[in-house]
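One letter stands for each residue in the lines below.
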Amino acid sequence: WWKRMVYQRRTAEGYDLIVHLLRIPPTERWDYNWVDEPEPLKGVRVTANLGTGKLQQAQAVRPYHFEEEQQPVQTVLKGTAQTGKVSVSVPPFRYHTMLVFRVKNR
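Predicted, not measured: the structure shown is a model, and the values here were computed from it.

Basis of the calculations
- Residues numbered from 1 in each chain as written.
- Predicted model: local features only at pLDDT ≥ 70, side-chain atom pairs only at ≥ 80, totals over all residues.
- Heavy atoms only, no water.
- Pairing = 2+ DSSP bridges.
- Helix = DSSP H or I, 4+ residues; strand = E, 2+ residues; numbered from the N terminus.
- Axes fitted to C-alpha atoms, helices over the stretch in contact; angles between N-to-C directions.
- 1 Å grid on protein atoms, 1.4 Å probe; cavity = no way out; pocket = protein on both sides within 12 Å on 5 of 7 lines; lining within 4 Å.
- Points joined across faces, edges and corners; volume = space filled by probe spheres on them.
- Nonpolar A, V, L, I, M, F, W, Y, C, P; charged D, E, K, R; others polar.
- Contact = heavy atoms within 4.5 Å.
- Buried < 20%, exposed > 50% of the residue type's maximum accessible area, 1.4 Å probe, protein only.
- Polar contact = N/O pair within 3.5 Å; in protein donor to acceptor, adjacent residues only side chain to side chain.

## Observations concerning the sheet that holds strand S7 (residues 85-90)
At step 1: Spatial ordering of the open sheet is given by S3-S7-S6, a layout of 3 strands whose pairing is antiparallel. Strands with a single pairing partner mark the edges of an open sheet, and in this sheet they are strand S3 (44-49) and strand S6 (80-82). Going from strand to strand, the sheet's axes swing by 20° on average, the running direction of each strand aside.
At step 2: Both S6 and S7 contribute to a ladder of 3 bridges, which runs antiparallel. Its bridge partner being in S7, Thr80 is matched across the sheet by Ser87.

Set out below in C-alpha cells:
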C-alpha cells in the first residue's frame, strides 16, 4: 500500500518526488470519542534516491495543529547529499506530512 504514498510528478526541468508520511492511528477503527491528540513525532529522517538528478529544493508540508493558525505549515528543508541520494530531517508532525523533493535532470 505504501506505493500509493510515494510518486513522481514531471516538471519542465525534471520531476518532483513526493513522499507522504502517515502515522498509524491509535485505534483500529475511527473513534469519534478519542480526544487525545498524539504528541508530535520527532527525529524522523528520510533518505531518497535521486539517481543522476540534482536536488533543487526540499520542502515539508503538513496540516496545522489544533493550537496553530488554520493554514498548512510549509518548511524548507536542508538536504545532505551523497552520491545519488539526499537525506533530510523531517519537522515534527502529528498525523501526516508531505515531503516534496524538486529534482533537476542533468
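## Details of the layout of surface pockets
At step 1: The space that makes up the largest pocket amounts to roughly 520 Å³.
At step 2: Taken together, 18 residues line the largest pocket, and the ones lying closest to its centre are Pro25, Pro26, Trp30, Trp34 and Tyr95.
At step 3: Partitioned by chemical class, the residues of the lining of the largest pocket number 10 nonpolar, 1 polar and 7 charged.

## Comments concerning the environment of Val76
At step 1: Position of Val76 among the secondary structure elements: in strand S5 (residues 73-77).
At step 2: Taking the C-alpha atoms as reference points, Val76 and Gln59, 17 residues apart in sequence, are found 4.4 Å from one another.
At step 3: Apart from residues no more than four positions distant in its own chain, Val76 is found in contact with Gln57, Ala58 and Gln59.

## Details of the environment of Asp31
At step 1: Mapping Asp31 onto the fold places it in the loop between strand S2 (14-22) and S3.
At step 2: Once the C-alpha coordinates of Asp31 and Tyr64 are considered, the two residues, 33 residues apart in sequence, prove to be 21 Å apart.

## Focus: the side chain of His20
At step 1: Residue position: His20 is located in strand S2.
At step 2: The exposure class of His20 is buried, given its relative accessible area of 18%.
At step 3: Within the structure, the side chain of His20 is placed 3.0 Å from the side chain of His96, a separation counted as a polar contact.

## Re the sheet that holds S5
At step 1: Spatial ordering of the open sheet is given by S1-S2-S8-S4-S5, a layout of 5 strands whose pairing is antiparallel. Edge strands, defined here as strands with exactly one partner in the open sheet, are strand S1 (6-10) and S5. The average angle at which neighbouring strand axes cross in this sheet is 20°, direction not considered.
At step 2: Sheet topology places strand S4 (residues 54-62) next to strand S8 (residues 96-104); 7 bridges connect them, and they run antiparallel. In the strand pairing of S8, Lys54 is matched with Lys104.

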